[in-house]
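What follows is the residue order along each chain.
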Amino acid sequence: MNFLEEKILSAGYVKQGNILKIDNFLNHQIDVNIMRQIAHELKRRFCDVEISKILTIEASGIAIATMLGNLYDVPVVFAKKGETANCTDDKYVSQAYSFTHKCMNNVFVSKPYLSASDRVLIVDDFLADGQAAHSLIDIVRQAGAAVVGIGIAVEKGQQNGGRLLREEGYRLESIAIIEEMDWETQTIRFRR
Ligand code: 5GP
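Here's what I pulled together on the structure shown here. Predicted model only: the values in this text are computed from it and were never measured.

### What about the packing of helix α3 (residues 32-45) against helix α4 (residues 61-72)?
What describes two packed helices is the angle between their axes and the distance between those same axes.
Right, on to step 1. Two numbers describe how α3 lies on α4: the axes approach to 9 Å, and their chain directions differ by 55°. Taken together, the axes of α3 and α4 are oblique relative to one another. Here α3 runs over α4; the crossing is right-handed. In contact with Val32, Met35, Arg36, Ile38, Ala39, His40, Leu42 and Lys43 of α3, α4 contributes Ala63, Ile64, Met67, Leu68, Leu71 and Tyr72.

Right, dumping it as structure tokens:
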């Protein structure tokens, strides 16, 4: 088991509705040491990739992305969520359905922060159905930039996002991949 899988087992719990709660080290309180290890592990996995920018989505992706941006010494951009981004020509706008909040979000990035010459590493805390990742890919595509990889802390392998992204040919690296989890027995099994 790697450090993140061990941390999930010791500090996380499963909520009804297929939700893994890791508020105590990632989604509410942030364990800086774990964030540092996640960043180092993602950098190791993408060591052969040239990166000019890291892109994530608010809120919980920001901590990981910032740690990683520090290691690469490249800017970190976080896409914002909101309803105000319709009909604007100074923003790249996409949509993503939120698995946790059960609603559609506009996702946007101001145009000056992504350009066609950028080589973008997309980073997020969770990958479930891939809605957030696909909205970020769409934004990178609108900017004419390249997605050079997708780095995820926790992939929920029982949902379809990871399979879709790999089939689409993206280089996807997830540090912990959950194969199955059960809220009644509080068991979590990782992909080997
Ligand atoms: P997706 O867009 O891939 O369907 O879902 C990814 C997003 O939903 C992540 O950014 C994360 O905020 C949230 N998410 C999905 N599943 C979980 C979960 O089990 N636990 C937590 N804490 N967040 C999740």
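### Focus: the site of the ligand
Right, on to step 1. The environment of the ligand is made up of 16 residues, and the closest members are Leu20, Ala128, Asp129, Gly130 and Ala132.
Right, on to step 2. Aspartate 124 is positioned such that a nitrogen or oxygen atom in its side chain is 3.1 Å from an oxygen atom of the ligand.
Right, on to step 3. Within the backbone of alanine 132, a nitrogen or oxygen atom sits 2.8 Å from an oxygen atom of the ligand.
Right, on to step 4. Relative to its unbound accessible surface of 510 Å², the ligand loses 90% to contact with the protein.
Right, on to step 5. Here the shell around the ligand gets four residues from one element, more than from any other, and that element is strand β7 (residues 119-127).
Right, on to step 6. Partitioning the shell around the ligand into residue classes produces seven nonpolar, five polar and four charged.

### Side note on the nonpolar core
Right, on to step 1. Membership of the largest hydrophobic core comes to 36 residues, with the highest contact counts inside it found for Leu4, Ile8, Leu20, Ile38, Ile54, Leu121 and Val154.
Right, on to step 2. Those elements that provide at least two residues to this core are α1 (3-11), α2 (23-27), α3, α4, β7, β8 (146-156), β9 (172-182) and β10 (187-190).
Right, on to step 3. Not counting residues up to four positions away in its chain, the partners in contact with isoleucine 8 are Leu20, Ile22, Phe25, Val154, Ala176, Ile188 and Phe190.

### Regarding the packing of aromatic side chains
Right, on to step 1. Counted according to the given criterion, the structure contains zero aromatic pairs.
Right, on to step 2. One cation-aromatic arrangement involves lysine 43 over tyrosine 72; the distance from NZ or CZ to the ring centre is 5.2 Å.

### A look at the packing of α1 against α3
Right, on to step 1. In contact at an axis separation of 10 Å, α1 and α3 are set at 150° when each is read in the N-to-C sense. Crossing of α1 over α3 shows left-handed handedness. Across the interface between the two elements, Phe3, Leu4 and Lys7 of α1 pack against Ile34, Gln37, Ile38 and Glu41 of α3.
Right, on to step 2. When grouped by side-chain class, the residues that make up the contact of α1 with α3 number four nonpolar, one polar and two charged.

### Brief notes about the pairing of strand β4 (residues 76-82)
Right, on to step 1. Here strand β3 (residues 53-57) pairs with β4 via four bridges, running parallel. In the strand pairing of β4, leucine 55 is matched with valine 77.
Right, on to step 2. Where the polypeptide runs from β3 across α4 and back to β4, its parallel neighbour, the crossover connection is right-handed.
Right, on to step 3. With three bridges joining them, β4 and strand β6 (residues 103-110) adopt antiparallel strand pairing. The residue of β6 that forms the bridge with lysine 81 is valine 107.

Cut-offs and rules
The written sequence of each chain sets the order in which its residues are numbered from 1. In keeping with the model being predicted, local features are shown solely for residues with a pLDDT of at least 70 and side-chain atom pairs are shown and tallied solely at 80 or more, while totals for entire chains, interfaces and linings include all residues. Only hydrogens and water are removed before side-chain values are computed, so all heavy atoms of the structure are retained for them. An axis is simply a line fitted to the C-alpha atoms; with a helix, the fit covers only the stretch in contact. Between two such axes, the angle follows the N-to-C directions and lies from 0 to 180 degrees. Strands here mean DSSP runs of E at least two residues long; helices mean DSSP runs of H or I at least four residues long; both are numbered from the N terminus. Orientation is classified from the angle alone, with under 35 degrees giving roughly parallel, over 145 giving roughly antiparallel, 65 to 115 giving roughly perpendicular, and any other angle giving oblique. Helix crossings fall into two classes, left-handed where the near helix is turned counterclockwise from the far one by less than a right angle and right-handed where it is turned clockwise. We call two residues contacting when some pair of their heavy atoms lies within 4.5 Å. Only heavy atoms are used to decide nearness, and a residue is near a molecule or strand if one of them lies within 4 Å of it. In the analysis that follows, any N or O atom pair within 3.5 Å is treated as a polar contact, provided that within protein one partner can donate a hydrogen and the other can accept it, and provided that, for residues neighboring in sequence, both atoms belong to side chains. Surface exposure here means Shrake-Rupley accessible area, sampled with a 1.4 Å probe, where a residue is shielded only by the protein chains that are shown. When residues are sorted by character, Ala, Val, Leu, Ile, Met, Phe, Trp, Tyr, Cys and Pro go into the nonpolar class, Asp, Glu, Lys and Arg into the charged class, and all the rest, Gly among them, into the polar class. Residue types Ala, Val, Leu, Ile, Met, Phe, Trp, Tyr and Cys, when buried and joined through side-chain atoms within 4.5 Å, form a set referred to as a nonpolar core. Per-residue accessibility, obtained with a 1.4 Å probe over protein chains only, is compared with the maximum for each type, and a residue is labelled buried under 20%, exposed over 50%, and partly exposed between these values. A pair of Phe, Tyr and Trp rings is counted when the ring centres sit within 6.5 Å of each other, with Trp represented by its six-membered ring. The angle between the planes then sorts it: under 30 degrees is stacked, over 60 is edge-to-face, the rest tilted. Charge over a ring is defined by NZ of Lys or CZ of Arg lying within 6 Å of the ring centre and within 35 degrees of the ring normal. Strands pair, by our definition, only if DSSP identifies at least two bridges between them. Here is how to tell: hold the view so the strands point away, follow the path from the first strand over the helix to the second, and if it runs clockwise the crossover is right-handed.

Note that every value here comes from positions in space, so none of it alone points to a role or purpose.
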